[in-house]
Amino acid sequence: MKPHLLRIEAFGPYAEPVEIGFDVLSQEGLFLIHGSTGAGKTFLLDALCFALYGEVSGDRSVKALKSDHAEPAAVPRVSLEFSSGGARYRVERSPAYTAPKTRGEGTTEKAPQAVLFRLVGAGWEPIASRTTEVSREVQGLVGLDAAQFRQVILLPQGKFAEVLRARAEEREALLKTLFDTVIYEQAGSWLEERAKSSRIEVAEQNRSLEVLRQQAAHEWTPYAPEPVVAPNDQEGLERLVEQIAAVVAGTQRSLKQAVATLESAQTAKAAVEKLADRWDRRRAALTRLTELEAKQEAVADFRQRLSRAERAEALRPSVDAEQAARVALSTLEAGIKAELQSAIRARDTAEALPVSLVLLDLTALPSPEELGSARNDLAARRAELTALASQALEAGQAQARAAAAAARASAADVRLSSSSAARESRQQARQAAGEAFTKACSARDQLDGLQRAAQDAHDCARAVAAITPALHQEKIAIATKAKADGRLNQAQAALNDQRRRQIAGMAARLAGGLVPEAPCPVCGSAHHPAPAQPSQDAISEEAITAAESELSAATTAAQQAAVAVEKAQGERKAVLERAGTAASDPVAADTAARQASQALTAAQALAETVASLEQEISNHERELEALQASIQSASTELAMQARAATDETNRAQALSTAITRELGEGVDPKQALKTIEPLEAALKALAARCHASASASTRLEQASSRLARDLAGSEFADGQAVVAALKPETMRQLWAQRIKAFETEVIELRGLLASADLADLPQERPDTAAALEAVLAADAARTAAVERHSEARGAQTEIQRLTSDHSSGAGELASRREQAQLFSAVADRCSGRTAPFISLQRWVLSAYLGDICRYANQRLELMTSGRYQLRLTDEGGRGGRQAGLGLRVLDAYTGEEREVSSLSGGETFQASLALALGVADTVEAHSGGVHLEALFVDEGFGTLDPDNLQLAMDELDRLRAGGRMVGIISHVGALKERIRYGIEVLSSDKGSRVQLGTPTLT
């Protein structure tokens, strides 16, 4: 932001319109705002801040900004034209104020107004017309809010050190506005979310493990001897596994006993069933024979499929040969694709290739003719590169000859340097004499100014000496006034007391005039039962008159004492104003006077050396002429050898240029020869692949022809039909075995039915019900035992599974817990919740603050003659939670760091100024920052001694040289001598006005 034009009307001490053109001031770069105390210098900065933000820079209230000197109907206005981001804007504001009513008597309250314009072409275009909207738009254009504007650009009186002594969080808010660190804040938020998600995953995993333990307890409950409590860990689950194993062992024993009982019943039943078995076998044989006879058609189908598979088997060699040839060709094509990729990579890394190689299509296998042509072209390029390598060798030899000539030229240059060094030394002596001559002349020219300065210093010292008597006289006047005020108060109290007593005695005076039976003049009654009696302390009119005379005399004395106090205070202020900043240090005033006299004496001594220095300069110039002749001789030899070196260098460059023209920039022939070797090998391999590919294709064609001939005399239409009919040997054998088994079983069943063992059997089956019931009862008991055993085994399997899952989940939980701890640790670290308690965003901002300190220290070291440096510290407040943006100062005299609050007033001003300028430098050094083209400093220079003031002004001069506009408000007289242009604020009983021009030296 750069201001151009400020207009003020009826604002603060400025009743009449005031216009300040900053463009004229910016031509000087550094300007001074000066004037008497209370004239309204700081109010110019208030007007600038109010125009932009609707706020004033100091502690003034925005509700009392209308000038008391202006007419009641005048409208207070402030207008500022400024540029930002390549565009020009004008903001106009009017504060809230009280104005007389246009009709009738009384006043009315006027609301604040604001309008923001942008210059478009030759006219102003309004872009905002509400006070809050204008403030928001201006803040976006300037890039700073009002508080930050006062910290970086507008440094008000008494607030200059706020940037230096600001708390860490305040400094952090400023840096966030100046530098874009949102991404680091977002990264911290992402880490927070990720850590929260990881903790949720750990909690969910814990719940999953708890569910597994609850399920295991549920499985164990039917077998537990007492109420079950779910295990708490893996060890508890392992105990459940052991306990269920014991239960399974018990059910196993019960099962064995039930099986033994069943076997006994079955033995008893076997005898009864033996006869029934023969009957059952006969019946089963008859049933089975009937079933087999029903499967005759299916068996016939198997015979037909077996026969077709055996006929297809005769064609298997032809089918296998054709498929093998096809697979071989496919494999070869995959290898060719890989070698093509290798050839492409070799070509990409090769240098100086012929065009035919560059254009050769390697996405598919080229023809043998194309490969042969490419290999021939590559061989021709190899020959060319060999010849060019010889030229490169010759160029190197020419370069060596050039180096030899350059060495001879260097020897001549050494001789030339020796003579030149002597001339340089003589020139330095000549320059030193010239500088001394200039200083002597300058001292001679400054004699009048130094005499006036010495006189001013002595006048200041006399004014300082007069301060103590003036203060003593003021003290006497104040004491006299206090005594007169006391007398006045006593006289007033005495008169009041006498008048009170006089009023109290009025009743007795009226009672003395009462007449019996006559009406009372006060109440009208004719009866007077208790008239008031005169008191002993009644006051007469003479006493009242005497008290009034005493009060008049006391009043006159008090007024005279007050006038005497005002006169004494005026004399004291006049003396202090003449003493200036030296008023508080008489010793310093005397020292300044003595130093001014010494400076005058030193200047007089320098002025007396002008003649001798003129003679010394003449002697130096004669010696320089002799050295010039010696230098000319050495220069001639240097030129001859340099030409020889140039010729050889040109020869080497010509050869190198020829090579470059042939191969291109930066291509080494020898290196190019090496890079084409892999491509030659790749092309050779591809040529071999061409032959192999042709052979594989031929074999495939032959196998396909053989298969076609074999299929011509068969029942199969193609190879796929043969493959479909083919069956594995094991399947064909299985089919044959089943067919044979079918035929064999039919024969066996017919023989069995005809055997003697199944003859002579009864028509009805034997009754085995009693034996069966015994077996069934035993079997039921065995079944119950099996069920109990099976259920226990099932519970055991489930508990073992749950235990295994819990073990795996516990391992996964440990991994997730570790990951969650890692994310939480990183999130805590990046959010500043763990040591060193610096958030990621604050860490980045501390880096920016480090840059600010670096820029600031470049100026602070100059302003303090190398004594002080600002240091960034990670130490914070309570628990270190405000760490990362702290500042300390390093004192080079002691080698120790200390708090910035320990600096003196002048040192604080220097550090604050350096830091404010460092902020501006850092903002401009980083892209996307705010461009700060102006700086206003209100007071602070009065705390500096003359030497430090000189260093501070030198630094501001460097800012002016860098293109920045710097305005200074100060009473320091030395600044008027240094700054030759500025704004003078003149005050009067009708308000203040401004005058631009050269400051008046007083």
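Owing to the predicted nature of the structure, the values given are computational and were not obtained by experimental measurement.

Criteria and cut-off values
Residues numbered from 1 in each chain as written. Predicted model: local features only at pLDDT ≥ 70, side-chain atom pairs only at ≥ 80, totals over all residues. Heavy atoms only, no water. Salt bridge = Lys/Arg side-chain N within 4 Å of Asp/Glu carboxyl O. Pairing = 2+ DSSP bridges. Helix = DSSP H or I, 4+ residues; strand = E, 2+ residues; numbered from the N terminus. Axes fitted to C-alpha atoms, helices over the stretch in contact; angles between N-to-C directions. Left-handed = near helix turned anticlockwise from the far one by under 90°. Contact = heavy atoms within 4.5 Å. Nonpolar A, V, L, I, M, F, W, Y, C, P; charged D, E, K, R; others polar. Expected span 1.5 Å × (residues − 1). Buried < 20%, exposed > 50% of the residue type's maximum accessible area, 1.4 Å probe, protein only. pLDDT = per-residue confidence, 0-100.

## Digging into the pattern of salt bridges
According to the stated counting rule, one finds 21 salt bridges in the structure shown. Note that Arg-118 is salt-bridged to Glu-125, the shortest N-O span being 3.5 Å. In this structure, Arg-130 and Glu-133 form a salt bridge, with 3.6 Å as the shortest nitrogen-oxygen distance.

## Observations concerning the pairing of strand 17 (residues 991-997)
Bridging between strand 16 (residues 982-988) and strand 17 involves 7 bridges; their strand directions are antiparallel. Within the sheet, the bridge partner assigned to Glu-984 lies in strand 17 and is Gln-995.

## Describing the packing of helix 8 (residues 234-294) against helix 21 (residues 729-753)
Between helix 8 and helix 21, whose axes approach to 10 Å, the crossing angle comes to 145 degrees. Every pair of crossing elements has a handedness; the one defined by helix 8 and helix 21 is left-handed. When helix 8 is examined against helix 21, the residues Arg-282, Ala-285, Leu-286, Arg-288, Leu-289, Leu-292 and Glu-293 are found in contact with a partner set consisting of Phe-742, Glu-745, Val-746, Leu-749, Arg-750, Leu-752 and Leu-753. Partitioned by chemical class, the residues of the contact of helix 8 with helix 21 number 9 nonpolar, no polar and 5 charged.

## Examining the sheet that holds strand 13 (residues 896-899)
Read across the open sheet, the 3 strands follow the order 11-12-13; overall the sheet is antiparallel. Because the sheet does not close on itself, it has two edges, and the strands there are strand 11 (868-873) and strand 13. Taken over all neighbouring pairs, the strand axes of this sheet differ in orientation by 40 degrees on average, direction set aside. In this sheet, strand 12 (residues 886-891) lies alongside strand 11 in antiparallel orientation, the contact comprising 6 bridges. Across the sheet, Thr-873 pairs through a bridge with Gly-886, a residue of strand 12. Contacting strand 11 and strand 12, helix 23 (residues 840-863) runs over the sheet at an angle of about 175 degrees to strand 11.

## Here we look at helix 3 (residues 131-142)
Between its terminal C-alpha atoms helix 3 stretches 16 Å, which fits the 16 Å expected from 12 residues at 1.5 Å a residue. Within helix 3 the residues assigned to the buried category are Glu-133, Val-134, Ser-135, Val-138 and Val-142. The first or second residue beyond helix 3 is Gly-143, which carries a positive phi of 90 degrees.

## Observations concerning the confidence of the model for the protein chain
Taken as a whole, the protein chain shows an average pLDDT of 78; of its residues, 86% reach a score of 70 or greater. For the protein chain, helix 15 (residues 506-511) is the element with the lowest average pLDDT, namely 59, and strand 5 (residues 87-94) is the one with the highest, namely 93. Across residues 877-881, where pLDDT falls below 50, the model places 8 contacts with residues more than four positions away in sequence or in other chains.

## Quick word on the pairing of strand 4 (residues 77-84)
Burial analysis of strand 4 places 7 of its 8 residues in the buried class, the great majority of the element. As paired strands, strand 1 (residues 2-9) and strand 4 are joined by 7 bridges and run antiparallel to one another. Across the sheet, the residue bridging to Glu-9 is Arg-77, located in strand 4. Counting the residues that bridge the hairpin from strand 4 to strand 5 gives 2 residues, and of these Gly-85 lies at a positive phi of roughly 60 degrees.

## What to know about the environment of Asp-445
On the secondary structure map, Asp-445 appears in helix 12 (residues 368-445). The class of Asp-445 is exposed, set by a relative accessible area of 57%. With 158 residues separating them in the primary sequence, Asp-445 and Ala-603 have C-alpha atoms 9.2 Å apart.

## A short note on the sheet that holds strand 8 (residues 113-120)
Strand order in the open sheet made by the 6 strands is 2-1-4-5-8-9, with antiparallel pairing throughout. Looking at the sheet topology across the chains shown, the edges are occupied by strand 2 (18-21) and strand 9 (123-128). Direction aside, the axes of adjacent strands within the sheet are offset by 20 degrees on average. Across the sheet, helix 3 is in contact with strand 4, strand 5, strand 8 and strand 9; its angle to strand 8 comes to roughly 45 degrees.

## Concerning helix 16 (residues 541-579)
Relative to the 57 Å expected for 39 residues at 1.5 Å per residue, helix 16 spans 57 Å between its end C-alpha atoms, a close match to the ideal helical length. Here helix 16 has its buried residues at Ile-544, Ala-547, Leu-551, Ala-554, Ala-558, Ala-561, Val-565, Ala-568, Arg-572, Val-575 and Ala-579. A positive phi of about 65 degrees marks Gly-580, the residue just after helix 16.

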